[in-house]
Amino acid sequence: QINIITVSTNWQYKLNKKLDSASWTSTKFKPSEEISPTNDLGLHDRVKKRILDPSERFLFELGITNEQGNVRPGKNDKFIQIQRFVEILGHTIQSSSLLNQTDRPVSIVDMGCGKGYLTFGVHSYLKSLGYPVKTIGVEIRKDLVDFCNQVC
């Protein structure tokens, strides 16, 4: 049996067990079943759900994305790292009682933050959830401190 699936038609070729007869059949899709990015038949065309929007300003300022929000060549691994870190930390934070304390901001402290890729990511994520956030990055290298202060 061979199945060929096109945008508008399913084709099926069947050969019987004795290999002495074969048949072609086709089935037209109903208009509601046509492949599109919005239904399950077109899953490869769906828009990927991301925890952080690639057009976040901090990603541009840190050189991860361009002004249009597209990941720059050679920066995809860093972008994925930030997304995954925020996803994992987000699940941990959501399952804790940390966010139930609405009387004060959530504090983020990053010791040895470097350029602060992950710190900015977590800060942005919590802000997008509507929480007040206070972020402190500790770094010994003055050039990185100055750079991160400009990004803020």
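Parameters and conventions
- Residues numbered from 1 in each chain as written.
- Predicted model: local features only at pLDDT ≥ 70, side-chain atom pairs only at ≥ 80, totals over all residues.
- Heavy atoms only, no water.
- Salt bridge = Lys/Arg side-chain N within 4 Å of Asp/Glu carboxyl O.
- Helix = DSSP H or I, 4+ residues; strand = E, 2+ residues; numbered from the N terminus.
- Buried < 20%, exposed > 50% of the residue type's maximum accessible area, 1.4 Å probe, protein only.
- Pairing = 2+ DSSP bridges.
- Right-handed = clockwise from strand over helix to strand, strands pointing away.
- 1 Å grid on protein atoms, 1.4 Å probe; cavity = no way out; pocket = protein on both sides within 12 Å on 5 of 7 lines; lining within 4 Å.
- Points joined across faces, edges and corners; volume = space filled by probe spheres on them.
- Nonpolar A, V, L, I, M, F, W, Y, C, P; charged D, E, K, R; others polar.
- Phe/Tyr/Trp six-rings, centres within 6.5 Å; stacked < 30°, edge-to-face > 60°.
- Lys NZ or Arg CZ within 6 Å of the ring centre and 35° of its normal.
- Core = buried A, V, L, I, M, F, W, Y, C linked by side-chain atoms within 4.5 Å.
- Contact = heavy atoms within 4.5 Å.
- Disulfide = S-S within 2.5 Å.

Evaluated as defined, the whole model comprises four salt bridges. Across the salt bridge formed by Glu-61 and Arg-57, the nearest N and O atoms sit 3.0 Å from each other. Of the two residues, Glu-61 and Arg-57 both sit in helix α1 (residues 57-61), four residues apart, roughly one turn of that helix.

On to the environment of Ile-140, then. As for its placement among the helices and strands, Ile-140 is situated in the loop between β5 (133-138) and α4 (142-151). When its relative accessible area of 82% is taken as the criterion, Ile-140 is described as exposed. Here the alpha-carbon distance between Ile-140 and Gly-114, two residues 26 residues apart in the chain, equals 8.7 Å.

In the sheet, strand β4 (residues 106-111) pairs with β5 via six bridges, with the strands oriented parallel. By the bridge assignment for β5, Val-109 is matched with Ile-136. Crossover connection from β4 via helix α3 (residues 117-128) to parallel β5: handedness right-handed.

Roughly 330 Å³ of volume is contained in the largest pocket. In this structure, the largest pocket is lined by 16 residues; those nearest its centre are Phe-120, Thr-135, Gly-137, Cys-148 and Cys-152. Going through the elements one at a time, α3, β5 and α4 are the ones with two or more residues in the lining of the largest pocket. Of the residues contributing to the lining of the largest pocket, the split by class is eight nonpolar, seven polar and one charged.

With that settled, the discussion passes to the packing of aromatic side chains. Per the counting criterion, the structure on display carries one aromatic pair. Against the face of Phe-147 rests Lys-115, its NZ or CZ located 5.2 Å from the ring centre.

Counting 20 residues, the largest nonpolar core has Phe-58, Leu-62, Ile-64, Ile-82 and Leu-126 as its most contacted members. Mapped by element, the contributors of at least two residues to this core are α1, α2 (76-94), β4, α3 and α4. Top contributing element to this core by residue count: α3, with five residues. Excluding anything up to four places from it in sequence, Ile-82 contacts Leu-52, Leu-59, Ile-64, Tyr-117, Leu-118 and Gly-121.

Enumeration according to the criterion identifies zero disulfides in this entry. The thiol of Cys-113 is unpaired, and the distance to the nearest cysteine sulfur, on Cys-148, comes to 5.2 Å. Cys-148 provides the cysteine sulfur closest to Cys-152, a residue in no disulfide bond, and the two sulfurs are 6.9 Å apart. Taking relative accessible area as the criterion, Cys-152 reaches 74% and is therefore assigned exposed.

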